[in-house]
Protein chains: 2
Amino acid sequence: MKKVTVELGERSYPIEIGTNMCFSDSFADRIGKITGNESVLIVTDSFVKPSAEKLAALLKRKVAVKGIHVFPEGEQSKNFATVERICRKAAKLHLDRKSFFLAVGGGVTGDLTGFAAAIYMRGARFIQIPTSLLAMADSSVGGKTAADLPEGINLIGAFLQPQAVFIDPAFLDTIKSFNISLGFAEILKIAATFDADFFGLLEKNAFTLSGRKDPALFEEVLQRACRLKADVVAKDEKESSLRAMLNFGHTFGHALEKLDGFDRMYHGFGVSCGMYMACRLAEELGLQEHRDTVRLANALYKYNLPVYFPARFGAKDVYKAMLSDKKAAGGKLKFILPCGIGKGKIVEGIPKETVLAAMEKARSGYEKILP
Amino acid sequence: MKKVTVELGERSYPIEIGTNMCFSDSFADRIGKITGNESVLIVTDSFVKPSAEKLAALLKRKVAVKGIHVFPEGEQSKNFATVERICRKAAKLHLDRKSFFLAVGGGVTGDLTGFAAAIYMRGARFIQIPTSLLAMADSSVGGKTAADLPEGINLIGAFLQPQAVFIDPAFLDTIKSFNISLGFAEILKIAATFDADFFGLLEKNAFTLSGRKDPALFEEVLQRACRLKADVVAKDEKESSLRAMLNFGHTFGHALEKLDGFDRMYHGFGVSCGMYMACRLAEELGLQEHRDTVRLANALYKYNLPVYFPARFGAKDVYKAMLSDKKAAGGKLKFILPCGIGKGKIVEGIPKETVLAAMEKARSGYEKILP
């Protein structure tokens with residue numbers, strides 16, 4: 001079992017990583033130690049439901065599991081109505097502010113469950129068991145919870161750190177394989193932003209890692225990704241400065257997701273295209289050499305991630321969508337740009353024309369940069 | 001102008017009290033100093049709308065007022081749907097996390113607006129202009145925000161301290177007179193719990209105060225009530241101990257409101273009946289002498305507040321409703337009981353029979369105790 005501690009004073013919590021951990025006999029004891037006699041509501045989606053039910057049966061021996069709330073899978077469930085239903089279920093089961101909301105699922109489940117826990121009786125407690133790679137490596141760390149509004153994703157939410165996170169890669173056996181790629185988009189992102197050595201490991205072992213052929217190496221990658229993010233969160237929980245660095249590729253990526261209507265352009269794909277666009281923009285500004293852009297693009301390619309700025313989106317439309325993002329405070333765009341592998345930088349005040357030109361360059365160049 | 005500061009470190013804020021303050025020329029400057037160039041969304045209900053529009057016109061000279069969101073007046077608006085509409089309005093007007101939500105209204109408006117501000121982009125900013133006496137003396141102080149679920153009132157919410165609170169008793173000219181009584185229920189509550197001297201002032205000046213015949217004295221009462229609550233909140237913001245003392249009369253009161261279906265039994269009336277029940281229970285337990293119960297009951301009577309436990313409610317039904325309240329953590333009832341005027345005490349573990357007996361005694365005794 002591998003462990004990372006998120007250091008946030010009295011709100012510190014452990015992230016425990018272990019393959020097949022969640023269905024071992026001792027897991028009910030582990031959760032029971034955290035929840036004591038307090039009530040637990042498990043929240044999951046229709047896709048993860050079978051695993052969540054199996055887990056619930058196992059936990060019931062040692063944990064006061066009061067019920068399971070299942071919502072329809074998908075980003076379209078990530079709204080106020082689902083959060084309200086989770087809270088109402090909790091109220092019907094007489095949960096109080098000492099009770100636990102246990103999320104079993106991907107990023108949407110974690111975000112919604114954490115948000116419900118944050119507002120239920122002005123703040124109950126929360127445990128995460130992420131089942132997608134994206135949630136394991138990124139969204140289950142850091143205490144950001146959210147739901148979408150028709151006007152934009154993650155427009156409402158709260159900061160609530162969980163009591164603990166349990167990462168069991170065995171859950172990945174049940175998900176569609178492209179979800180592995182989506183997770184690696186965020187893992188490559190954090191490595192490319194902060195840790196060239198980690199990036200090298202990901203680059204070198206792409207085949208082994210994306211095929212999950214070496215469980216110990218896979219756990220190590222999760223541990224390194226979580227530790228990098230935990231360190232950032234420990235220094236800047238509420239995103240006043242450093243935490244914004246985690247948004248490498250996200251300014252462009254969110255805009256692509258939005259223009260796509262959250263259809264085929266999944267978050268990881270948007271981030272992947274967004275990182276390539278950010279590389280081209282960094283080149284325009286003289287921050288990064290082309291060979292580092294090539295290195296990142298090749299790594300993304302190895303993990304089956306898209307790189308091109310898709311032809312179906314107009315550069316001006318993407319620019320407009322970026323301006324309407326919640327991060328664009330006061331109508332100003334903020335970009336996280338690479339200055340070589342492992343070094344990110346926050347850049348503001350870039351002229352619109354420069355951004356548009358970089359986007360056009362990100363339309364192609366992919367063939368040329370393949371080795 | 002009178003002032004109270006809520007001392008919460010970097011989240012400290014001023015409560016300013018002044019009759020006709022909000023429609024003076026300098027008020028737009030005062031708000032403008034707080035909001036700077038940031039966007040402001042005014043939130044109000046259909047009843048307060050005319051005053052809010054007048055205020056908006058005045059503020060626009062110095063403040064970036066982007067719009068007014070008006071929701072239908074009444075507790076039935078205090079739900080998720082209204083919070084979602086406020087957030088969507090904010091998104092449509094391109095508010096960001098530096099923007100301000102300005103509540104102009106009573107307790108429902110303040111609770112909903114604060115909740116929307118708390119979750120919009122995981123936390124925007126908030127200013128309160130309470131227009132009911134209940135909101136001026138109680139709910140606008142302390143940072144509790146909330147909405148109701150069908151399962152119970154205030155079941156969802158967040159803690160968000162405002163940037164400032166502006167209390168102008170002139171707003172009371174527009175409200176129905178029984179709302180003055182509702183406010184005095186909370187004012188008498190905090191005096192009876194913490195400050196015998198203040199209670200004496202309220203007792204002595206009931207006619208002058210309930211008729212608002214002396215503006216300076218009325219402002220002083222608001223200042224003293226706010227200061228008492230601010231001191232409690234400064235010591236225990238998240239209600240882990242001391243803040244629970246503010247719930248004198250509320251354990252019974254909430255149950256009465258709930259059984260009534262939030263119809264005629266307004267919050268202040270519930271709290272008033274609840275305080276009398278708590279007095280009778282305190283007598284049963286030997287904590288308070290009957291003459292102090294009489295003193296409180298007489299004071300409530302002078303402010304046109306109900307005292308009797310209404311015949312239409314069954315004691316056992318009230319007991320059951322209390323158990324389902326969010327404060328009843330782990331199925332245990334917690335009562336705030338008086339030990340003489342100005343001294344409250346938290347008591348747990350009272351036998352059900354004792355509570356039921358005290359409730360039956362609170363059915364009557366009113367005639368006997370009038371002087």
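Residues numbered from 1 in each chain as written. Chains lettered and ligands numbered in written order. Predicted model: local features only at pLDDT ≥ 70, side-chain atom pairs only at ≥ 80, totals over all residues. Heavy atoms only, no water.

Colleague: How should I be thinking about the packing of helix α13 (residues 315–323) of chain A against helix α14 (residues 352–361) of chain A in this particular structure?
Modeller: Think of two packed helices as two axes; the pair is described by the angle between the axes and how far apart they sit. Residues and elements named next belong to chain A. Closest axis-to-axis distance for the α13/α14 pair is 10 Å, and the angle between their directions is 125 degrees. Comparing their axes, α14 and α13 come out oblique. The interaxial crossing formed by α13 with α14 has right-handed handedness. From α13, A315, K316, V318, Y319 and M322 reach across to α14, where they touch K352, V355, L356, M359 and E360. (Axes fitted to C-alpha atoms, helices over the stretch in contact; angles between N-to-C directions. Helix = DSSP H or I, 4+ residues; strand = E, 2+ residues; numbered from the N terminus. Parallel < 35°, antiparallel > 145°, perpendicular 65-115°, else oblique. Left-handed = near helix turned anticlockwise from the far one by under 90°. Contact = heavy atoms within 4.5 Å.)

Colleague: Just to check I follow, could you spell out the sheet that holds strand β1 (residues 2–6) of chain A for this structure?
Modeller: Hydrogen bonds between backbone atoms are what pair the strands of a sheet, whose relative direction is either parallel or antiparallel. All names here are of chain A. Sheet architecture is open: 7 strands sit in the order β1-β2-β9-β6-β5-β3-β4, paired in mixed fashion. On the outer flanks of this sheet lie β1 and β4 (64–71), each paired with one strand and no other. Pairwise comparison of adjacent strand axes, ignoring direction, gives a mean angle of 15 degrees for this sheet. Contacts from helix α1 (residues 26–35) reach β2 (13–17), β3 (39–45), β5 (100–105), β6 (125–130) and β9 (164–167), with the element oriented near 165 degrees to β9. (Pairing = 2+ DSSP bridges.)

Colleague: Is there a simple way to think about the environment of T293(A) in this case?
Modeller: Along the polypeptide, T293(A) turns up in helix α12 (residues 290–302). T293(A) sits 40 residues away from L333(A) along the chain, and the two C-alpha atoms are 22 Å apart.

Colleague: Help me understand the pairing of strand β8 (residues 152–159) of chain A, please; the structure alone is not making it clear to me.
Modeller: Residues and elements named next belong to chain A. The element β8 is largely enclosed, with a buried count of 7 among its 8 residues. Here strand β7 (residues 144–149) pairs with β8 via 5 bridges, running antiparallel. Across the sheet, K144 pairs through a bridge with F159, a residue of β8. In this antiparallel pair of consecutive strands, β7 and β8, the connection spans 2 residues. (Buried < 20%, exposed > 50% of the residue type's maximum accessible area, 1.4 Å probe, protein only.)

Colleague: Explain helix α2 (residues 49–59) of chain A to me, please; I cannot follow it from the model alone.
Modeller: Helical geometry: 3.6 residues make up each α-helical turn, so side chains three or four residues apart lie on a common side. Residue and element names in this part refer to chain A. Regarding α2, the residues found buried are S51, A52, L55, A56, L58 and L59. Around the axis of α2, the buried residues are gathered within 160 degrees of arc, so they sit on the same side. Turned more than 90 degrees away from the buried face of α2, the exposed residues are P50, K54 and A57. For α2, the elements touching its buried residues are α1, β3, β4, β5 and β6. (Arc of directions from axis to C-beta.)

Colleague: Please explain the interface of chain B and chain A as it appears in this structure.
Modeller: Many descriptions give the size of an interface as the accessible area lost when the pieces come together. In this complex, chain B contributes 31 residues to the contact, which on the side of chain A involves 31 residues. Surface buried jointly by chain B and chain A totals about 2,900 Å² across both partners, of which 63% is contributed by carbon and sulfur atoms. Where chain B meets chain A, there are 4 salt bridges. Run the count over chain B and chain A and you get 10 residue pairs in polar contact (both at pLDDT 80 or more). Mapped onto the side of chain B that touches chain A, the elements with two or more residues apiece are α3 (80–92), α4 (107–119), β7 (144–149) and β8 (152–159) of chain B. Counting residues per element, the side of chain B that touches chain A draws most heavily on α3(B), which supplies 7 residues. Across the side of chain B that touches chain A, the residue classes break down as 17 nonpolar, 4 polar and 10 charged. (Buried area = accessible area lost by both parts, 1.4 Å probe. Salt bridge = Lys/Arg side-chain N within 4 Å of Asp/Glu carboxyl O. Polar contact = N/O pair within 3.5 Å; in protein donor to acceptor, adjacent residues only side chain to side chain. Nonpolar A, V, L, I, M, F, W, Y, C, P; charged D, E, K, R; others polar.)

Colleague: How should the relation of the copies chain B and chain A be read in this particular structure?
Modeller: The two chain copies are connected by a rotation around an axis plus a translation along it. Between chain B and chain A, the superposition needs a rotation of 180 degrees and an axial shift of 0.0 Å, giving an RMSD of 0.0 Å. Taken together, the turn and the small shift mark the pair as related by a two-fold rotation axis. Among all residues of chain B, the one whose C-alpha sits closest to the rotation axis is F80(B), at a distance of 3.7 Å. Mapped onto chain A, 100% of the interface residues of chain B again fall at the interface, so both copies present the same surface. (Least-squares fit on C-alpha atoms with pLDDT ≥ 70 in both.)

Colleague: What's the story with the pairing of strand β2 (residues 13–17) of chain B in this structure? I'm lost.
Modeller: On any regular strand, side chains alternate: one points to one face of the sheet, the next to the other face. Residue and element names in this part refer to chain B. In terms of burial, β2 is largely enclosed, as 5 of its 5 residues are buried. By the alternation rule, side chains of β2 split into Y13, I15 and I17 and P14 and E16, which are all buried. Pairing geometry for strand β1 (residues 2–6) and β2, over 5 bridges, is antiparallel. Each bridged residue has a counterpart across the sheet, and for K2 the counterpart in β2 is I17. Linking β1 back to β2 in an antiparallel pair, the connection comprises 6 residues, with G9 at a positive phi of about 60 degrees. Pairing geometry for β2 and strand β9 (residues 164–167), over 3 bridges, is parallel. Each bridged residue has a counterpart across the sheet, and for E16 the counterpart in β9 is F166.

Colleague: How do you make sense of the environment of C226(B) when you look at a structure like this?
Modeller: Residue and element names in this part refer to chain B. When you line up the elements, C226 lands in helix α9 (residues 215–235). Placed 39 residues apart in sequence, C226 and I187 show a C-alpha to C-alpha distance of 9.0 Å. Leave out the neighbours within four places in its chain, and C226 touches V4, I15, M136, V141 and I167.

Colleague: Please clarify how the domain arrangement of chain A should be interpreted in this entry.
Modeller: Residue and element names in this part refer to chain A. Examined at the domain level, chain A breaks down into domain 1 (2–172) and domain 2 (178–369). The gap between the C-alpha centroids of domain 1 and domain 2 is 27 Å. Facing the 30 residues of domain 1 at the interface are 34 residues of domain 2. Of the roughly 2,800 Å² buried between domain 1 and domain 2 on both sides combined, carbon and sulfur atoms contribute 66%. The tally of links from domain 1 across to domain 2 stands at 5 salt bridges. Here E239 and K144 are joined by a salt bridge, their closest N and O atoms 2.4 Å apart. On the surface where domain 1 and domain 2 come into contact, there are 10 residue pairs in polar contact (both at pLDDT 80 or more). At the level of secondary structure, the elements contributing two or more residues to the side of domain 1 that touches domain 2 comprise β1, β2, α5 (133–139) and β8. Examining the composition of the side of domain 1 that touches domain 2, we find that 6 residues originate from one element, α5, more than from any other. Counted by class, the side of domain 1 that touches domain 2 contains 16 nonpolar, 7 polar and 7 charged residues. (Domains from an automatic or database assignment.)

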